[in-house]
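Observations on the three-dimensional arrangement
Residue-level listing of the chains:
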Amino acid sequence: MKCLITGSAGQLGAELCRLLGSEAIGIDVDTIDLTNRAMVHDVLVKMAPQAIINCAAYTQVDNAEDRIDRCRAVNAGAVASLVEVCRLLDCPLVQISTDYVFTGNPPAAQPRLEGDKPIPRGVYAITKFEGEKAAATWSKHLIVRTCGLYARPSHASAKNFVKTILRLARSQTGLRVVDDQWCTPSYVPDVAQGIAFLLKHCTSRGVGWGTYHVTNRGETTWCRMAREIVRFAGLDTTVEAITTAEYPLPAPRPPYSVLDTTAYHRLDGPPMPPWQDALAAYCEELREVEKA
Ligand SMILES: NC(=O)c1ccc[n+]([C@@H]2O[C@H](COP(=O)([O-])OP(=O)(O)OC[C@H]3O[C@@H](n4cnc5c(N)ncnc54)[C@H](OP(=O)(O)O)[C@@H]3O)[C@@H](O)[C@H]2O)c1
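For the protein chain, the count of helices and strands is 9 helices and 12 strands. Computed over its C-alpha atoms, the radius of gyration of the protein chain comes to 19 Å, within 12% of the 19 Å expected for a compact globule of 292 residues. In terms of principal-axis extent, the alpha carbons of the protein chain reach across some 55 × 45 × 40 Å. Buried positions account for 51% of the 292 residues belonging to the protein chain. A fraction of 79% describes how many contacts in the protein chain between residues 6 or more apart in sequence connect residues 24 or more apart.

Below you can see the structure in the form of C-alpha coordinates.
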(Lines give C-alpha, C1' and ligand atoms only; values in the text may rest on other atoms or scores of the structure.)
Protein backbone atom coordinates (compact mmCIF):
# COMPACT_ATOMS: atom_id res chain seq x y z
CA MET A 1 0.00 0.00 0.00
CA LYS A 2 1.38 3.42 -1.00
CA CYS A 3 0.99 5.41 2.22
CA LEU A 4 1.58 9.14 2.52
CA ILE A 5 2.94 10.15 5.91
CA THR A 6 2.80 13.83 6.78
CA GLY A 7 5.01 15.25 9.53
CA SER A 8 7.67 12.75 8.46
CA ALA A 9 10.48 14.67 10.17
CA GLY A 10 8.61 14.57 13.48
CA GLN A 11 8.73 11.88 16.17
CA LEU A 12 5.84 9.70 15.01
CA GLY A 13 6.05 10.42 11.29
CA ALA A 14 9.71 9.41 11.13
CA GLU A 15 9.02 6.15 12.94
CA LEU A 16 6.09 5.30 10.65
CA CYS A 17 8.30 5.93 7.61
CA ARG A 18 10.89 3.61 9.09
CA LEU A 19 8.28 0.95 9.90
CA LEU A 20 6.46 1.03 6.56
CA GLY A 21 9.70 1.19 4.55
CA SER A 22 9.10 1.20 0.79
CA GLU A 23 5.33 1.60 1.30
CA ALA A 24 5.83 5.04 2.86
CA ILE A 25 6.16 8.44 1.19
CA GLY A 26 7.14 11.00 3.81
CA ILE A 27 6.49 14.72 3.52
CA ASP A 28 7.06 17.54 6.00
CA VAL A 29 6.68 21.30 6.08
CA ASP A 30 9.85 21.84 4.02
CA THR A 31 8.25 19.86 1.14
CA ILE A 32 4.61 20.96 1.43
CA ASP A 33 3.14 23.34 3.97
CA LEU A 34 -0.16 21.61 4.68
CA THR A 35 -1.82 24.94 5.42
CA ASN A 36 -1.54 25.75 1.70
CA ARG A 37 -4.81 24.18 0.51
CA ALA A 38 -4.16 24.64 -3.21
CA MET A 39 -0.73 23.06 -3.00
CA VAL A 40 -2.05 20.19 -0.89
CA HIS A 41 -4.64 19.46 -3.56
CA ASP A 42 -2.23 19.73 -6.50
CA VAL A 43 0.62 17.73 -5.07
CA LEU A 44 -1.27 15.07 -3.14
CA VAL A 45 -3.78 14.26 -5.85
CA LYS A 46 -0.86 13.76 -8.26
CA MET A 47 0.88 11.52 -5.72
CA ALA A 48 -2.31 9.43 -5.49
CA PRO A 49 -1.56 7.66 -2.19
CA GLN A 50 -3.71 4.70 -1.12
CA ALA A 51 -3.76 5.97 2.48
CA ILE A 52 -2.73 9.12 4.35
CA ILE A 53 -1.46 9.15 7.94
CA ASN A 54 -1.46 12.72 9.20
CA CYS A 55 1.27 13.06 11.82
CA ALA A 56 1.86 16.75 11.05
CA ALA A 57 0.76 19.08 13.80
CA TYR A 58 1.53 22.28 15.64
CA THR A 59 2.73 20.57 18.83
CA GLN A 60 4.26 23.44 20.81
CA VAL A 61 1.51 23.47 23.39
CA ASP A 62 2.57 26.62 25.25
CA ASN A 63 3.55 28.69 22.19
CA ALA A 64 0.17 27.82 20.71
CA GLU A 65 -1.50 30.15 23.23
CA ASP A 66 0.05 33.10 21.32
CA ARG A 67 -0.14 31.57 17.83
CA ILE A 68 -3.80 30.71 17.61
CA ASP A 69 -4.24 31.23 13.86
CA ARG A 70 -1.17 29.22 12.90
CA CYS A 71 -2.01 26.43 15.33
CA ARG A 72 -5.60 26.23 14.05
CA ALA A 73 -4.43 26.30 10.40
CA VAL A 74 -2.11 23.31 10.98
CA ASN A 75 -4.15 21.26 13.46
CA ALA A 76 -7.59 21.76 11.92
CA GLY A 77 -7.44 23.59 8.56
CA ALA A 78 -4.86 21.20 7.09
CA VAL A 79 -6.99 18.22 8.15
CA ALA A 80 -9.96 19.65 6.23
CA SER A 81 -7.75 19.91 3.12
CA LEU A 82 -6.54 16.33 3.58
CA VAL A 83 -10.16 15.16 3.86
CA GLU A 84 -10.92 16.83 0.51
CA VAL A 85 -8.02 14.97 -1.08
CA CYS A 86 -9.08 11.67 0.53
CA ARG A 87 -12.62 12.06 -0.86
CA LEU A 88 -11.26 12.66 -4.35
CA LEU A 89 -8.97 9.63 -4.15
CA ASP A 90 -11.34 7.47 -2.07
CA CYS A 91 -8.44 6.95 0.29
CA PRO A 92 -8.45 6.34 4.08
CA LEU A 93 -7.21 9.07 6.43
CA VAL A 94 -5.55 8.37 9.76
CA GLN A 95 -5.66 11.51 11.89
CA ILE A 96 -3.36 11.43 14.91
CA SER A 97 -4.85 13.10 17.94
CA THR A 98 -4.17 13.56 21.60
CA ASP A 99 -5.19 12.88 25.20
CA TYR A 100 -5.24 16.70 25.56
CA VAL A 101 -8.79 16.70 24.16
CA PHE A 102 -9.67 15.69 27.76
CA THR A 103 -7.83 18.63 29.36
CA GLY A 104 -10.99 20.19 30.77
CA ASN A 105 -12.65 16.94 31.88
CA PRO A 106 -12.86 16.48 35.65
CA PRO A 107 -10.31 14.06 37.16
CA ALA A 108 -11.65 10.54 36.62
CA ALA A 109 -11.45 7.24 38.46
CA GLN A 110 -11.52 5.41 35.12
CA PRO A 111 -9.45 5.74 31.92
CA ARG A 112 -11.16 7.78 29.20
CA LEU A 113 -13.15 5.87 26.59
CA GLU A 114 -13.25 6.78 22.89
CA GLY A 115 -16.91 7.75 23.28
CA ASP A 116 -16.38 10.03 26.31
CA LYS A 117 -17.18 13.65 25.55
CA PRO A 118 -13.94 15.65 25.22
CA ILE A 119 -13.69 19.01 26.96
CA PRO A 120 -10.58 20.52 25.33
CA ARG A 121 -8.95 23.51 27.06
CA GLY A 122 -6.14 25.59 25.59
CA VAL A 123 -5.43 26.41 21.95
CA TYR A 124 -3.55 23.18 21.16
CA ALA A 125 -6.27 20.95 22.65
CA ILE A 126 -9.14 22.91 21.08
CA THR A 127 -7.58 22.90 17.60
CA LYS A 128 -6.68 19.20 17.81
CA PHE A 129 -10.32 18.48 18.64
CA GLU A 130 -11.36 20.59 15.65
CA GLY A 131 -9.00 18.43 13.57
CA GLU A 132 -10.74 15.30 14.88
CA LYS A 133 -14.12 16.71 13.86
CA ALA A 134 -12.83 17.56 10.38
CA ALA A 135 -11.42 14.03 9.96
CA ALA A 136 -14.68 12.47 11.12
CA THR A 137 -16.58 14.05 8.20
CA TRP A 138 -14.90 11.45 5.93
CA SER A 139 -16.29 7.93 6.25
CA LYS A 140 -12.91 6.16 5.89
CA HIS A 141 -11.25 7.83 8.85
CA LEU A 142 -9.30 6.60 11.82
CA ILE A 143 -8.74 9.04 14.66
CA VAL A 144 -5.94 7.67 16.82
CA ARG A 145 -5.50 9.41 20.16
CA THR A 146 -2.21 8.87 21.88
CA CYS A 147 -0.30 10.40 24.79
CA GLY A 148 3.10 11.68 25.98
CA LEU A 149 5.12 10.53 22.97
CA TYR A 150 8.87 9.96 23.14
CA ALA A 151 10.77 8.81 20.05
CA ARG A 152 13.71 6.39 19.88
CA PRO A 153 16.92 7.91 21.27
CA SER A 154 18.43 7.67 17.77
CA HIS A 155 15.95 10.34 16.57
CA ALA A 156 18.35 13.20 17.28
CA SER A 157 16.00 16.13 16.61
CA ALA A 158 13.07 14.76 18.64
CA LYS A 159 11.87 16.86 21.57
CA ASN A 160 10.21 15.00 24.43
CA PHE A 161 9.94 14.63 28.21
CA VAL A 162 12.37 11.70 28.49
CA LYS A 163 15.15 13.57 26.69
CA THR A 164 14.52 16.70 28.77
CA ILE A 165 14.65 14.81 32.07
CA LEU A 166 17.81 12.94 31.06
CA ARG A 167 19.51 16.19 30.07
CA LEU A 168 18.51 17.97 33.29
CA ALA A 169 19.24 15.00 35.54
CA ARG A 170 22.76 14.74 34.13
CA SER A 171 23.51 18.39 34.91
CA GLN A 172 21.59 19.02 38.15
CA THR A 173 21.48 17.35 41.57
CA GLY A 174 17.74 17.81 42.06
CA LEU A 175 14.65 18.25 39.90
CA ARG A 176 11.09 19.32 40.75
CA VAL A 177 8.40 17.62 38.64
CA VAL A 178 4.60 17.74 38.76
CA ASP A 179 2.96 14.79 40.46
CA ASP A 180 -0.72 15.57 39.97
CA GLN A 181 -1.20 14.97 36.22
CA TRP A 182 -2.04 11.35 35.41
CA CYS A 183 -1.45 9.93 31.93
CA THR A 184 0.38 7.15 30.04
CA PRO A 185 3.63 8.32 28.44
CA SER A 186 4.10 6.22 25.30
CA TYR A 187 7.07 5.02 23.29
CA VAL A 188 6.77 6.00 19.63
CA PRO A 189 7.81 2.59 18.14
CA ASP A 190 4.96 0.89 20.06
CA VAL A 191 2.40 3.49 18.99
CA ALA A 192 3.57 3.37 15.36
CA GLN A 193 3.08 -0.42 15.30
CA GLY A 194 -0.45 0.04 16.63
CA ILE A 195 -1.30 2.69 14.02
CA ALA A 196 0.05 0.61 11.13
CA PHE A 197 -1.94 -2.37 12.38
CA LEU A 198 -5.19 -0.37 12.66
CA LEU A 199 -4.82 1.02 9.15
CA LYS A 200 -4.16 -2.40 7.61
CA HIS A 201 -6.93 -4.03 9.65
CA CYS A 202 -9.60 -1.51 8.58
CA THR A 203 -8.38 -1.25 4.98
CA SER A 204 -8.37 -5.01 4.41
CA ARG A 205 -11.82 -5.53 5.98
CA GLY A 206 -13.40 -2.25 4.88
CA VAL A 207 -14.90 -1.85 8.37
CA GLY A 208 -13.84 -0.66 11.81
CA TRP A 209 -13.34 3.02 10.94
CA GLY A 210 -13.64 5.48 13.85
CA THR A 211 -11.73 6.53 16.94
CA TYR A 212 -9.16 4.43 18.84
CA HIS A 213 -6.87 5.02 21.77
CA VAL A 214 -3.31 3.71 21.35
CA THR A 215 -0.84 4.11 24.23
CA ASN A 216 1.42 1.98 26.36
CA ARG A 217 -0.31 0.31 29.32
CA GLY A 218 -0.76 1.57 32.85
CA GLU A 219 -0.73 5.09 34.23
CA THR A 220 1.66 7.40 36.00
CA THR A 221 2.49 11.04 36.70
CA TRP A 222 5.33 13.04 35.18
CA CYS A 223 7.12 12.99 38.54
CA ARG A 224 6.94 9.19 38.82
CA MET A 225 8.00 8.85 35.19
CA ALA A 226 10.96 11.17 35.86
CA ARG A 227 12.02 9.07 38.87
CA GLU A 228 11.96 5.95 36.69
CA ILE A 229 14.04 7.69 33.99
CA VAL A 230 16.62 8.74 36.58
CA ARG A 231 16.71 5.22 38.05
CA PHE A 232 17.12 3.52 34.64
CA ALA A 233 19.88 5.98 33.76
CA GLY A 234 21.73 5.07 36.98
CA LEU A 235 21.78 8.68 38.20
CA ASP A 236 21.35 9.81 41.81
CA THR A 237 19.51 13.05 41.01
CA THR A 238 16.58 13.60 43.38
CA VAL A 239 13.11 14.22 41.92
CA GLU A 240 10.85 16.26 44.18
CA ALA A 241 7.09 16.02 43.69
CA ILE A 242 5.35 19.35 43.11
CA THR A 243 1.84 20.40 42.08
CA THR A 244 0.70 21.89 38.78
CA ALA A 245 0.02 25.14 40.65
CA GLU A 246 3.70 25.27 41.68
CA TYR A 247 4.81 25.03 38.02
CA PRO A 248 2.57 27.41 36.08
CA LEU A 249 2.68 27.21 32.26
CA PRO A 250 0.80 29.20 29.58
CA ALA A 251 -1.38 26.27 28.42
CA PRO A 252 -3.57 24.15 30.70
CA ARG A 253 -2.62 20.48 31.23
CA PRO A 254 -5.04 17.57 31.72
CA PRO A 255 -5.17 16.44 35.36
CA TYR A 256 -6.20 12.96 34.21
CA SER A 257 -5.91 11.85 30.59
CA VAL A 258 -5.26 8.11 30.83
CA LEU A 259 -6.81 6.58 27.71
CA ASP A 260 -8.72 3.30 27.74
CA THR A 261 -7.20 1.08 25.01
CA THR A 262 -9.67 -1.83 25.22
CA ALA A 263 -11.14 -1.17 21.75
CA TYR A 264 -7.67 -1.36 20.18
CA HIS A 265 -6.72 -4.55 22.05
CA ARG A 266 -10.03 -6.21 21.14
CA LEU A 267 -8.80 -6.23 17.50
CA ASP A 268 -5.78 -8.36 18.48
CA GLY A 269 -3.21 -5.87 17.28
CA PRO A 270 0.41 -5.77 18.46
CA PRO A 271 0.34 -5.77 22.29
CA MET A 272 1.27 -2.53 24.00
CA PRO A 273 3.90 -3.02 26.73
CA PRO A 274 3.42 -1.35 30.12
CA TRP A 275 4.96 2.12 30.22
CA GLN A 276 7.79 0.91 32.50
CA ASP A 277 8.82 -1.78 29.96
CA ALA A 278 8.64 0.72 27.10
CA LEU A 279 10.87 3.12 29.02
CA ALA A 280 13.30 0.26 29.73
CA ALA A 281 13.43 -0.48 25.97
CA TYR A 282 14.19 3.20 25.32
CA CYS A 283 17.02 3.17 27.89
CA GLU A 284 18.43 -0.03 26.43
CA GLU A 285 18.54 1.56 22.99
CA LEU A 286 20.03 4.73 24.48
CA ARG A 287 22.94 2.69 25.87
CA GLU A 288 23.53 1.28 22.36
CA VAL A 289 23.34 4.74 20.76
CA GLU A 290 25.77 6.21 23.32
CA LYS A 291 28.20 3.30 22.89
CA ALA A 292 28.28 3.74 19.09
N1 LIG B 1 4.32 14.68 21.23
C2 LIG B 1 3.42 14.21 22.05
O3 LIG B 1 3.67 14.03 23.25
C4 LIG B 1 2.04 13.87 21.55
C5 LIG B 1 1.10 13.36 22.46
C6 LIG B 1 -0.17 13.02 21.98
C7 LIG B 1 -0.48 13.21 20.66
N8 LIG B 1 0.44 13.73 19.82
C9 LIG B 1 0.08 13.94 18.42
O10 LIG B 1 0.83 13.01 17.68
C11 LIG B 1 1.15 13.56 16.39
C12 LIG B 1 2.66 13.48 16.16
O13 LIG B 1 3.32 14.15 17.21
P14 LIG B 1 4.91 14.28 17.21
O15 LIG B 1 5.36 14.29 18.62
O16 LIG B 1 5.49 13.34 16.24
O17 LIG B 1 5.04 15.77 16.63
P18 LIG B 1 6.34 16.53 16.10
O19 LIG B 1 7.56 15.76 16.45
O20 LIG B 1 6.20 17.95 16.52
O21 LIG B 1 6.14 16.41 14.51
C22 LIG B 1 5.17 17.15 13.83
C23 LIG B 1 5.74 17.47 12.47
O24 LIG B 1 4.76 18.21 11.71
C25 LIG B 1 5.45 19.26 11.05
N26 LIG B 1 4.56 20.35 10.68
C27 LIG B 1 4.17 21.40 11.44
N28 LIG B 1 3.43 22.26 10.71
C29 LIG B 1 3.34 21.73 9.47
C30 LIG B 1 2.74 22.17 8.27
N31 LIG B 1 2.07 23.34 8.20
N32 LIG B 1 2.85 21.40 7.16
C33 LIG B 1 3.54 20.25 7.20
N34 LIG B 1 4.13 19.78 8.30
C35 LIG B 1 4.05 20.52 9.43
C36 LIG B 1 6.48 19.69 12.07
O37 LIG B 1 7.47 20.51 11.48
P38 LIG B 1 8.15 21.64 12.44
O39 LIG B 1 8.80 20.90 13.56
O40 LIG B 1 9.11 22.31 11.51
O41 LIG B 1 7.05 22.53 12.91
C42 LIG B 1 7.00 18.35 12.54
O43 LIG B 1 8.03 17.84 11.72
C44 LIG B 1 0.57 14.96 16.39
O45 LIG B 1 -0.70 14.92 15.81
C46 LIG B 1 0.41 15.29 17.86
O47 LIG B 1 -0.63 16.23 18.08
C48 LIG B 1 1.70 14.06 20.22
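Don't stop here, the text continues.
We now examine helix H9 (residues 275–291). An α-helical turn contains 3.6 residues, so any two residues separated by three or four positions project in the same direction. The terminal C-alpha atoms of H9 lie 24 Å apart, and with 17 residues this matches the ideal 24 Å at 1.5 Å per residue to within 8%. Burial in H9 covers these residues: Trp-275, Ala-278, Leu-279, Tyr-282, Cys-283, Glu-285 and Leu-286. Mapping the buried residues of H9 onto a view down its axis gives an arc of 165°, with all of them on the same face. Of the surrounding secondary structure, the elements contacted by the buried residues of H9 are strand S6 (149–150), helix H5 (161–171), strand S9 (186–187), helix H6 (188–205), strand S11 (220–221) and helix H7 (222–232).

All right, on to the site of the ligand then. In the vicinity of the ligand, 26 residues are found, and the nearest of them are Asp-28, Asp-33, Thr-59, Tyr-124 and Lys-128. A distance of 2.8 Å is found between a nitrogen atom of the ligand and a side-chain nitrogen or oxygen belonging to Asp-33. Here a nitrogen atom of the ligand sits 3.3 Å away from a polar atom, N or O, in the side chain of Arg-70. Protein contact buries 80% of the 890 Å² of open area that the ligand shows by itself. Contributions of two or more residues to the shell around the ligand are made by helix H1 (11–20), helix H3 (68–89), strand S4 (93–98) and helix H4 (123–135). The biggest single contributor to the shell around the ligand is S4, with 3 residues. Here the residues of the shell around the ligand sort into 13 nonpolar, 9 polar and 4 charged.

Once that is clear, we can look at the pattern of salt bridges. As enumerated under the stated definition, the model contains 16 salt bridges in all. A salt bridge links Arg-224 to Asp-179; the nearest nitrogen and oxygen atoms lie 3.0 Å apart. Of the two residues, Arg-224 is situated in helix H7 and Asp-179 in the loop between strand S7 (174–178) and strand S8 (182–183); the sequence distance between them amounts to 45 residues. Judged by its relative accessible area of 39%, Arg-224 is partly exposed. Between Lys-291 and Glu-288 there is a salt bridge, with its nearest N and O atoms 3.5 Å apart. A residue pair is termed a helical-turn pair when its members lie 3 or 4 positions apart in one helix, as Lys-291 and Glu-288 do in helix H9 at 3 residues. Glu-288 sits in the partly exposed class, given a relative accessible area of 42%.

What follows covers the nonpolar core. Core analysis: the largest hydrophobic core is formed by 29 residues, its most contacted members being Ile-5, Leu-12, Ile-53 and Ile-195. Among the secondary structure elements, those contributing two or more residues to this core are strand S1 (3–6), H1, strand S3 (51–54), S4, strand S5 (141–146) and H6. Considering every element that reaches this core, the biggest residue donor is H6, with 9 residues. For Leu-12, the contacting residues outside a window of four places in its chain are Cys-55, Ile-96, Leu-149, Val-188, Val-191, Ala-192 and Ile-195. Grouped together as the second largest cluster of nonpolar side chains are 25 residues, Ile-165, Ala-169, Val-177 and Trp-275 included.

To continue, consider the environment of Ala-192. Checked against the element boundaries, Ala-192 lands in helix H6. Judged by its relative accessible area of 0%, Ala-192 is buried. Here Ala-192 is in contact with Leu-12, Glu-15, Leu-16 and Leu-19, once residues within four sequence places are set aside.

Cut-offs and rules
Residues numbered from 1 in each chain as written. Predicted model: local features only at pLDDT ≥ 70, side-chain atom pairs only at ≥ 80, totals over all residues. Heavy atoms only, no water. Helix = DSSP H or I, 4+ residues; strand = E, 2+ residues; numbered from the N terminus. Rg over C-alpha atoms; globule rule 2.2 N^0.38 Å. Buried < 20%, exposed > 50% of the residue type's maximum accessible area, 1.4 Å probe, protein only. Contact = heavy atoms within 4.5 Å. Expected span 1.5 Å × (residues − 1). Arc of directions from axis to C-beta. Near = heavy atom within 4 Å. Polar contact = N/O pair within 3.5 Å; in protein donor to acceptor, adjacent residues only side chain to side chain. Areas by Shrake-Rupley, 256 points an atom, 1.4 Å probe, with all protein chains shown as cover. Nonpolar A, V, L, I, M, F, W, Y, C, P; charged D, E, K, R; others polar. Salt bridge = Lys/Arg side-chain N within 4 Å of Asp/Glu carboxyl O. Core = buried A, V, L, I, M, F, W, Y, C linked by side-chain atoms within 4.5 Å.

As far as function goes, none of this settles anything; it's purely spatial.
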